Amino acid sequence: MDINRIRGEFPILDRKVNGKPLIYLDNTATSQTPREVVEAITRMYETTKANVHRGVHTLSQEATDLQEASRRRIQRYINAAAPEEIIFTRGTTEAINLVAASYGQRFRDGDEIILTVMEHHANIVPWQLLGNHADIKLRVVDIRENGELDLEQYRSLFNDRTVMAAFCHVSNVLGTVNPVKEMTAIAHAHGVPVLVDGAQASPHLRIDVRDLDCDFYTFSSHKMYGPAGVGVLYGRRSLLEEMPPYQGGGEMIKHVSFEKTTFADLPFKFEAGTPDFVDIAAFDKAIDFIERTGLDNIERQEQELLAYATERLNEIAGLTIYGNAPGKSAVIFDITIQEEQEIVAIVVPKDKKTEIMQAISSAHGMDSPAHGVAFSLPVDGIMGL
Ligand SMILES: Cc1ncc(COP(=O)(O)O)c(C=O)c1O
């Protein structure tokens, strides 16, 4: 793999920040965008911008074709059975909210949802919001010392009140890759549907929703070299068919009157309003980039960088990296530093220390459910200071 050629495909890497070349390591938060994706967006605004599924004129037809081509591409990319199972959302967060709000309408007082302690807030809060509708209990699976999920505890939490299991494929905090196929089989053995938060897996791993056999799978374009503002909910058709709409208006109606509205067929039933059709079309080009580069090559390069970063970070006295599960993904997010000031002096000039710590805590500080306070080091920002 020719890294310099790949670097050359990312216009942002040409820029300097305060006189220094940009080094960007914040890919769990969002990835950068290759030229072909940027050009696809510009091209569409310059030549093909028209609302989708709304007009018979040429531009509208072309825009619709581009959007639907992207849907079919994503379907093939994750091996879904049909394009109707691909719902466009604003991102992973909206996709999970959609399932919680729509599928969750059937939940009743006393029902239980199984989550894990390593979930992103996007896979916690939508389920908590169901509390306004019914008294639902969240059962949370713990992790072992090395960051692996406690599979035995997961298995033991199922009972006849369990109505959903929702967990990440790859943890954004620990890099742990969960045994999704096995976890899904355990849930299904209890008749429980599974939602997989794939936000951190889809940029790195080959996703096959039929092989995993999950019922819902969610991910975001902006973490996969694609534009921001687009995400995907994959849903098993039989479940999507029986779920009520999430939002109302626009393309999700078949017929509307003040007395009664009938809803559009899948996938449009869940796509109210004008979708982000420009970015949806450009997402197709991001998948081109991933496929051309090759997921195997991407993974090899990431593992090399992970091994190097882990080795060098471990040379720093007093520093602990959380998450050392075997086969972990290339995520170093959560570290604690006994003597914080020394670390800051290592990565940035000392005179910028206060400014940087303020920036970290205000922009990136957050409570991690896994362990106390976690922050994602905005290394690109730090390098530029
Ligand atoms: C594991 C995980 N789930 C969900 C999200 C939310 O994704 P988005 O902000 O694109 O909706 C993130 C974002 O960092 C994530 O890492």
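Calculation notes
- Residues numbered from 1 in each chain as written.
- Predicted model: local features only at pLDDT ≥ 70, side-chain atom pairs only at ≥ 80, totals over all residues.
- Helix = DSSP H or I, 4+ residues; strand = E, 2+ residues; numbered from the N terminus.
- Buried ≥ 20, exposed ≤ 12 C-beta atoms within 10 Å, placed from the backbone.
- Contact = placed C-beta atoms within 7 Å.
- Near = placed C-beta within 6 Å.
- Nonpolar A, V, L, I, M, F, W, Y, C, P; charged D, E, K, R; others polar.
- Core = buried A, V, L, I, M, F, W, Y, C linked by C-beta atoms within 7 Å.
- Pairing = 2+ DSSP bridges.
- Axes fitted to C-alpha atoms, helices over the stretch in contact; angles between N-to-C directions.
- Expected span 1.5 Å × (residues − 1).
- Arc of directions from axis to C-beta.
- Parallel < 35°, antiparallel > 145°, perpendicular 65-115°, else oblique.
- Left-handed = near helix turned anticlockwise from the far one by under 90°.
- pLDDT = per-residue confidence, 0-100.

Student: For this particular structure, what's the right way to read the overall build of the protein chain?
Tutor: Secondary structure summary: the protein chain contains 14 helices and 15 strands in total. Out of the 385 residues belonging to the protein chain, those deemed buried represent 36%. Excluding contacts between residues fewer than 6 apart, the proportion of contacts in the protein chain whose partners are at least 24 apart in sequence is 68%.

Student: When you look at the site of the ligand in this model, what are you seeing that I'm missing?
Tutor: Among the 15 residues in the neighbourhood of the ligand, the closest are listed as Gly 91, Thr 93, His 120, Asn 172 and Ser 220. Within the shell around the ligand, the residues separate by chemical class into four nonpolar, ten polar and one charged.

Student: What exactly am I supposed to notice about the nonpolar core here?
Tutor: A general tendency of soluble globular proteins is for nonpolar side chains to be buried together. Within the largest apolar cluster, 77 residues are counted, with the highest numbers of intra-cluster contacts made by Val 99, Val 196 and Tyr 234. With eight residues, the single largest contributor to this core is helix α10 (residues 277-293).

Student: What should I look at first to understand the sheet that holds strand β7 (residues 194-197) in this one?
Tutor: Sheet strands pair via backbone hydrogen bonds, and the direction of the pair is either parallel or antiparallel. Read across the sheet, seven strands follow the order β3-β9-β8-β7-β6-β4-β5 without closing on themselves; strand pairing throughout is mixed. Only two strands of the sheet have a single partner each, and these edge strands are β3 (86-89) and β5 (137-141). The average undirected angle you get between the axes of adjacent strands in this sheet is 20 degrees. Sitting on the sheet, helix α4 (residues 92-102) is in contact with β3, β7, β8 (216-220) and β9 (231-235), with an inclination near 35 degrees to β9.

Student: Help me out: how do you make sense of the pairing of strand β10 (residues 253-256) in this one?
Tutor: Consecutive residues of a regular strand have side chains that alternate between opposite faces of the sheet. Pairing analysis gives three bridges linking β10 to strand β11 (residues 261-263), with the strands arranged antiparallel. Looking at the pairing, Val 256 lines up with Thr 261 of β11. Taken together, β10 and the strand that follows it, β11, pair antiparallel across an intervening segment of four residues.

Student: Any chance you could explain the environment of Leu 115 here in plain terms?
Tutor: Mapped onto the secondary structure, Leu 115 falls in strand β4 (residues 112-116). Sequence separation of Leu 115 and Tyr 154 is 39 residues, and the distance between their C-alpha atoms is 8.9 Å. Apart from residues lying up to four places away in sequence, Leu 115 is in contact with Asn 123, Ile 124, Trp 127, Leu 138, Val 140, Ala 166 and Phe 167.

Student: It is not clear to me how helix α3 (residues 58-77) should be interpreted in this structure. Could you clarify?
Tutor: Residues that lie three or four places apart on an α-helix share one face, since the helix turns once every 3.6 residues. Its 20 residues give α3 an end-to-end C-alpha distance of 28 Å, which sits within 8% of 28 Å, the value for a rise of 1.5 Å per residue. Where α3 is concerned, the buried positions are Ala 63, Leu 66, Gln 67, Ser 70, Arg 71 and Ile 74. All buried residues of α3 project into a common sector of 135 degrees when viewed along the axis, lining one side. Residues of α3 that are exposed and point over 90 degrees away from its buried face: Thr 58 and Arg 76.

Student: Is there a simple way to explain helix α2 (residues 35-48) in this structure?
Tutor: With 14 residues, α2 extends 19 Å from end C-alpha to end C-alpha; this agrees with the ideal 20 Å at 1.5 Å per step. Among all positions in α2, only Val 37, Ala 40 and Met 44 are buried. Taken end-on, α2 shows its buried residues confined to a sector of 50 degrees, consistent with a single buried face. Seen from the buried face of α2, the exposed residues on the opposite side, beyond 90 degrees, are Thr 42, Tyr 45, Glu 46 and Thr 47. Tucked into the core, α2 has its buried residues touching α3 and α10.

Student: Got a minute to help me understand the packing of α3 against α10 in this structure?
Tutor: Two packed helices can be described by the angle between their axes and the distance between those axes. Packing of α3 against α10 leaves a shortest axis separation of 8 Å and a crossing angle of 45 degrees. With respect to α10, the element α3 is oriented oblique. Read as a crossing pair, α3 and α10 show a hand that is left-handed. Between α3 and α10, the residues in contact are Ala 63, Leu 66, Gln 67, Ala 69, Ser 70, Arg 73 and Tyr 77 and Phe 277, Ile 280, Ala 281, Phe 283, Asp 284 and Ile 287, respectively.

Student: Teacher, can you tell me more about the confidence of the model for the protein chain here?
Tutor: In low-pLDDT regions, the fine details of the predicted coordinates are not to be read closely. Taken over all residues, the pLDDT of the protein chain has a mean of 88, while the share at 70 or more is 86%. When the criterion is pLDDT under 50, residues 339-353 qualifies, and its contacts beyond four places in sequence or with other chains add up to 16 contacts.

Student: Where do I start with the environment of Ala 69 in this structure?
Tutor: In this fold, Ala 69 is placed in helix α3. Residue classification places Ala 69 among the partly exposed residues on the basis of 14 C-beta atoms within 10 Å.

Student: Just checking my understanding: could you explain unusual backbone geometry for this structure?
Tutor: Most peptide bonds take the trans form, and the phi angle of most residues other than glycine is negative. The amide bond that connects Leu 266 to the next residue, Pro 267, takes the cis arrangement and shows omega of 0 degrees. For Pro 267, the position within the fold is in the loop between β11 and α10. The phi dihedral of Asn 79 falls on the positive side, at around 60 degrees, and the residue is not glycine. Within the secondary structure, Asn 79 sits in the loop between α3 and β3. Unlike most non-glycine residues, Asp 213 shows phi in positive territory, near 70 degrees.

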